Amino acid sequence: MILSMDEIINAVCLHQAERKGVKPTDVTVELSWEEDTGFTAEVWVNSRSQYLIESNLIEAILRYLYSEYNIRTYSDRVKLDLEDEIIAIVEQ
């Protein structure tokens, strides 16, 4: 299964909204990849910024897979990759 960049952003929005007690529409996410830091996201909630690292992104993806697709999997089965956009490859 492959999750698009939009689905990854949705996963992070839903996860952060649940953690911060806000609506998913109140969360803004910008994904990025850099050679030094790998995959990261900058998240804005209530005008406050927070940076997430790859393991945080994968945690959000795992929760999204369960809530949206009823798929339970392990973090070692989710790999972020950079093609035309950032995608998540999920082994089943």
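For the structure itself, look to the data block above.
What this report covers is the structure whose coordinates are included nearby. (Residues numbered from 1 in each chain as written. Predicted model: local features only at pLDDT ≥ 70, side-chain atom pairs only at ≥ 80, totals over all residues. Heavy atoms only, no water.)

The biggest cluster of nonpolar side chains holds 27 residues, and the ones touching the most others in it are Ile8, Val27, Val29, Val43, Leu57 and Ile61. Of all elements in the fold, only α1 (5-20), β2 (27-34), β3 (38-45), α2 (54-69), β5 (78-82) and β6 (86-90) reach the threshold of two or more residues within this core. No other element matches α2, which puts six residues into this core. When sequence neighbours within four positions are dropped, the list of residues in contact with isoleucine 8 reads Leu3, Leu31, Ile61, Leu80, Ile86, Ile87 and Ala88. (Core = buried A, V, L, I, M, F, W, Y, C linked by side-chain atoms within 4.5 Å. Buried < 20%, exposed > 50% of the residue type's maximum accessible area, 1.4 Å probe, protein only. Helix = DSSP H or I, 4+ residues; strand = E, 2+ residues; numbered from the N terminus. Contact = heavy atoms within 4.5 Å.)

We now examine the environment of proline 24. Counting through the fold element by element, proline 24 comes out in the loop between α1 and β2. Proline 24 sits 21 residues away from valine 45 along the chain, and the two C-alpha atoms are 9.5 Å apart. If near-sequence neighbours (up to four positions away) are discounted, proline 24 is found in contact with Cys13, Leu14 and Ala17.

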